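# Notes for the structure review
The primary structure of each chain is shown beneath.
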Amino acid sequence: MTINWTDVGAAIEVAPQSARRVETVMGAIAVFRTMADEYYAVFDKCPHKGGPLSEGIVHGRAIACPLHNWSISLESGEALGADAGKGCTPTVPLRVENGRILLGLNF
């Protein structure tokens with residue numbers, strides 16, 4: 001499968017331990033930056049009740065949903081801890097190139 005890389009903005013625009021919501025034809029995607037300058041992208045919807053993950057708190061390589069505090073892995077999109085195995089939000093391929101965030105959006 002060929003990945004269509006789409007530029008969604010400057011990497012520096014996402015502060016460490018925060019997120020940016022990106023509207024795409026595939027739906028809203030949350031782009032996260034960890035304290036270690038790692039970037040991840042998942043659909044902006046918690047697998048529990050659909051909470052906006054872009055409004056959650058980044059901790060390590062996970063995000064805490066703002067509605068019910070579910071912890072979601074930014075690497076796999078899977079629920080962690082006591083909620084492990086109860087749900088998953090799709091991840092989106094991401095790469096940073098020349099200071100720009102590129103999402104792998106397939107149409």
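So, here is what we can say about the structure in this document.

## Some words on the sheet that holds strand β3 (residues 27–33)
- Spatially, the 3 strands line up as an open sheet ordered β2-β3-β4, and their pairing is antiparallel. What marks the edges here is a single partner per strand, and that holds for β2 (18–24) and β4 (39–43). Across this sheet, the average inter-strand angle for adjacent strands is 25 degrees, counted without regard to direction.
- Sheet topology note: the β3/β4 ladder contains 5 bridges and is antiparallel. Residue pairing in the sheet places Ala30 in a bridge with Val42 of β4.

## Some remarks on the sheet that holds strand β5 (residues 57–59)
- Sheet architecture is open: 3 strands sit in the order β5-β6-β7, paired in antiparallel fashion. Since the sheet does not close on itself, it has two edges, and those belong to β5 and β7 (71–73), each with one partner. Averaged over all pairs of adjacent strands, the angle between their axes in this sheet comes to 30 degrees, without regard to strand direction.
- As paired elements, strand β6 (residues 62–64) and β7 share 3 bridges and run antiparallel to each other. Of the residues in β7, the one forming a bridge with Ile63 is Ile72.

Conventions and cut-offs
- Residues numbered from 1 in each chain as written.
- Predicted model: local features only at pLDDT ≥ 70, side-chain atom pairs only at ≥ 80, totals over all residues.
- Heavy atoms only, no water.
- Pairing = 2+ DSSP bridges.
- Helix = DSSP H or I, 4+ residues; strand = E, 2+ residues; numbered from the N terminus.
- Axes fitted to C-alpha atoms, helices over the stretch in contact; angles between N-to-C directions.

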